Amino acid sequence: MKNIFFILASLLLSGNTRAADYWQKVSVPSIKNLLSVSFGNKSVGYIAGTDSTLLKTNNGGKTWVSIKPTGMVFSVISPDITDVHFITDNIGYAIVGNAVNPVYNGVLYKTTDGGASWTAQNSDITCQAMFFFNENNGFVAGGKFFSGKNVNKLDAGVWQATQYFSFNPVEQLHAIDFYNANVGIVGGDSGYVYRTFNGGINWDTVKTIIDTSINDLKYIDENTILAATNNFGSSILISKDKGQTWNFDGSSATFFYPYFRAMARSAKDSFIFAGTSLTTGKGVIFYFEKKIMTIFQAEENLNHVTLAYDSTAFVVGDNGLILTNGVEGAGITEKEMPVGKIALYPNPTNGKCSISAAFEYTAIVYDCLGRKVFEDASYSTKHIIDLTGNASGAYFIEILTKDNKRTSLKLTLQ
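Residue positions are given per chain, counted from 1 along the sequence in the order it is written. At least 70 in pLDDT is required for a residue's local features to be given in this predicted model, at least 80 for side-chain atom pairs to be given and counted, and no such filter applies to totals for whole chains, interfaces and linings, which use all residues. The side-chain quantities take in all heavy atoms of the structure and omit both hydrogens and water.

1. Digging into the overall build of the protein
Part 1 of the reasoning: Under the scheme used here, helices are H or I runs from DSSP no shorter than 4 residues and strands are E runs no shorter than 2 residues, and both carry numbers assigned from the N terminus. Per the secondary structure count, the protein includes one helix and 36 strands.
Part 2 of the reasoning: Considering the protein as a whole, with its 414 residues, one finds that 55% of them fall into the buried category. Think of it in three bands: residues with accessible area under 20% of the maximum for their type are buried, residues over 50% are exposed, and the middle band is partly exposed, with areas taken using a 1.4 Å probe on protein chains only.

2. So, the packing of aromatic side chains
Part 1 of the reasoning: Whether two aromatic rings pair depends on their centres lying within 6.5 Å, for rings of Phe, Tyr and Trp, where Trp uses its six-membered ring; planes under 30 degrees apart make the pair stacked, over 60 edge-to-face, and the rest tilted. Taken as a whole and assessed by the stated rule, the structure comprises 19 aromatic pairs.
Part 2 of the reasoning: Residues Phe39 and Trp64 carry aromatic rings whose centres are separated by 6.0 Å and whose planes lie at 85° to one another, so their mutual orientation is edge-to-face. Separated by 25 residues along the polypeptide, Phe39 in strand E3 (residues 34–39) and Trp64 in the loop between strand E5 (54–57) and strand E6 (65–66) bring together distant segments of the chain. Comparing Phe39 with Trp64 shows no difference in burial state: the two are buried.
Part 3 of the reasoning: Each ring, one from Phe131 and one from Phe133, has its centre 5.0 Å from the other, and the planes form 75°; the classification is edge-to-face.
Part 4 of the reasoning: On the basis of relative accessibility, which here comes to 35%, the residue Phe133 falls in the partly exposed class.
Part 5 of the reasoning: Here the aromatic residues Phe131, Phe133, Phe139, Phe165, Phe178, Tyr192, Tyr194 and Trp203 are joined through ring pairs into a cluster of three or more.
Part 6 of the reasoning: Note on geometry: a ring has a charge over it if NZ (lysine) or CZ (arginine) is within 6 Å of the ring centre and within 35 degrees of the ring normal. Residue placement shows Lys207 over the ring face of Tyr192; its charged tip is 5.6 Å from the ring centre.

3. As for unusual backbone geometry
Part 1 of the reasoning: In this model, Tyr345 is joined to Pro346 through a cis peptide bond whose omega is -10°.
Part 2 of the reasoning: Take Pro346: it is sitting in the loop between strand E32 (342–345) and strand E33 (352–367).
Part 3 of the reasoning: Geometrically, the link from Asn347 to Pro348 is a cis peptide bond, its omega value of 10° lying close to zero.
Part 4 of the reasoning: Positive phi values are uncommon outside glycine, yet Ser52 reaches one of about 60°.
Part 5 of the reasoning: Its location among the elements puts Ser52 in the loop between strand E4 (45–49) and E5.
Part 6 of the reasoning: A positive phi angle, near 55°, is found at Ala156, a position not held by glycine.

4. Digging into the nonpolar core
Part 1 of the reasoning: We call a set of buried Ala, Val, Leu, Ile, Met, Phe, Trp, Tyr and Cys residues a nonpolar core when their side-chain atoms join them within 4.5 Å. Counting 17 residues, the largest nonpolar core has Ile355, Tyr361, Val365, Ile385, Leu387, Ile397 and Ile399 as its most contacted members.
Part 2 of the reasoning: If you list the elements that add at least two residues to this core, you get E33, strand E34 (372–386), strand E35 (393–401) and strand E36 (406–413).
Part 3 of the reasoning: Considering every element that reaches this core, the biggest residue donor is E33, with seven residues.
Part 4 of the reasoning: Apart from residues lying up to four places away in sequence, Leu387 is in contact with Gly351, Val365, Val373, Phe374, Tyr395, Leu411 and Leu413.
Part 5 of the reasoning: Counting 16 residues, the second largest nonpolar core, distinct from the first, contains Tyr287, Leu302, Val305 and Ala313. Note on definitions: a residue-residue contact is assigned when non-hydrogen atoms from the two residues lie within 4.5 Å.

5. So, the pattern of salt bridges
Part 1 of the reasoning: Criterion for a salt bridge: a side-chain nitrogen of Lys or Arg within 4 Å of a carboxyl oxygen of Asp or Glu. Per the counting criterion, the structure on display carries nine salt bridges.
Part 2 of the reasoning: As a salt-bridge pair, Arg195 and Asp204 come within 2.6 Å of each other at their nearest N and O atoms.
Part 3 of the reasoning: Given the relative accessible area of 8%, Arg195 is considered buried.
Part 4 of the reasoning: Residue Asp204 is classed as partly exposed on the basis of its relative accessible area of 25%.
Part 5 of the reasoning: Between Lys218 and Asp216 there is a salt bridge, with its nearest N and O atoms 3.2 Å apart.
Part 6 of the reasoning: Residue Asp216 is classed as buried on the basis of its relative accessible area, which comes to 8%.

6. Remarks on the environment of Leu237
Part 1 of the reasoning: Relative to the helices and strands, Leu237 is located in strand E22 (residues 236–239).
Part 2 of the reasoning: In this structure the C-alpha to C-alpha distance between Leu237 and Ala227, which are 10 residues apart in sequence, comes to 4.9 Å.
Part 3 of the reasoning: Among residues more than four places away in sequence, those in contact with Leu237 are Thr208, Ile209, Ile210, Ile225, Leu226, Ala227, Thr229, Trp246, Asn247 and Phe248.

7. What about the sheet that holds strand E23 (residues 247–248)?
Part 1 of the reasoning: Only when DSSP finds a minimum of two bridges between them are two strands counted as paired. If you trace the four strands from one edge of the open sheet to the other, you get E20-E21-E22-E23, paired in antiparallel fashion. Only two strands of the sheet have a single partner each, and these edge strands are strand E20 (214–219) and E23.
Part 2 of the reasoning: The sheet contact formed by E20 and strand E21 (residues 225–229) spans five bridges and is antiparallel. If you follow Ile214 over to E21, its bridge partner there is Thr229.

8. Overview of the layout of surface pockets
Part 1 of the reasoning: Throughout, the protein atoms alone are placed on a 1 Å grid, and a set of points is a cavity if a 1.4 Å probe fits but cannot get out or a pocket if it is open with protein on both sides within 12 Å along at least five of seven lines; lining residues have an atom within 4 Å of a point. Grid points are joined across faces, edges and corners, and a volume is the space filled by probe spheres set on the points. In this structure, the largest pocket encloses a volume near 1600 Å³.
Part 2 of the reasoning: Along the wall of the largest pocket there are 49 residues; nearest its centre are Ser36, Asp83, Asp216, Ala262 and His304.
Part 3 of the reasoning: Among the secondary structure elements, those contributing two or more residues to the lining of the largest pocket are E3, strand E7 (80–86), strand E11 (126–134), strand E16 (173–178), E20, strand E24 (258–265) and strand E28 (302–309).
Part 4 of the reasoning: Only Asp, Glu, Lys and Arg are considered charged, only Ala, Val, Leu, Ile, Met, Phe, Trp, Tyr, Cys and Pro nonpolar, and every remaining residue, Gly among them, polar. Grouping the constituent residues of the lining of the largest pocket by class yields 23 nonpolar, 18 polar and eight charged.

Have a look at this one:
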């Protein structure tokens, strides 16, 4: 796979930001906040959420049904299924905890019958994140009562001694990823990551360039790691030296001021970040594919994303929101406007440009700080944008149709 640093750098320089072609809303039997999504194979997937919500699909995400997870213990302080990870169609793990107040909450459960019944595991930490190589080998990360950040290893089906990283009583780990059986990384509160190069026997401590929480981590290759964080405005971090030093990735995220909760990658050089925009107060997806950065604005906060197969992704969020970028035959309730019907020219521009579309829309332009610099509120199939006199740099054009469908375009002013 290509080095993600060069991919993101070329995306920034190309100035091509477009709406997602096929982000669609899927009908689901739940209005709860959906917190995690995982596929055991191309057909069978699971979604976890608040108030013991557990959904399952047997047809690749076209339809979802609610299942009752027997064996899980829920309470006032632990009412939610906060994370789910399936290794096969029937074998998987889940965490029961508290989505709002995760401190000291997080019990790990295992199923071998496709989510019908679950058994509590013997990990002695409050779990917040997990990574499994297979059914009997993996890691969980989180915390423990008044002992701070912890990691626990499952080795050949046996839980090993807990590793302690911080004794801050309220700090936890929220992210974990492994490049192979020996090389892995975890991260969490206060912008710290912890690395192992011998399968979890020893870990070192690295302070990144942020003080806020690291919510997700992904290896791109042995040297390159991405981090999704809640550092508003500069929320994607990148390391090119195995996690030793970190920098902001440089992608054009400033307008939306995103808080990214999760990310996913495929073997085809596509990368998806999901979270919430401080600017809009709603969900936002940054989708990098083939040197094009897609920005999609959702109607609800987004909590997790996974690539079910190839480049087919599922994103879940609050109030029962599930989005996918192209599952034929899915129970669709809404479809985004086709990007191929929008033309922006010239881009870059020296001041004026035009937008043409096959539908009527209004146009608002914001600068990189989120300030409105131009607006044409009339509904038309063509608008002339005039930024003469504004500073050179990146601008974002919000397109709104009469039926309240939205998309954003990136414009570079020279």
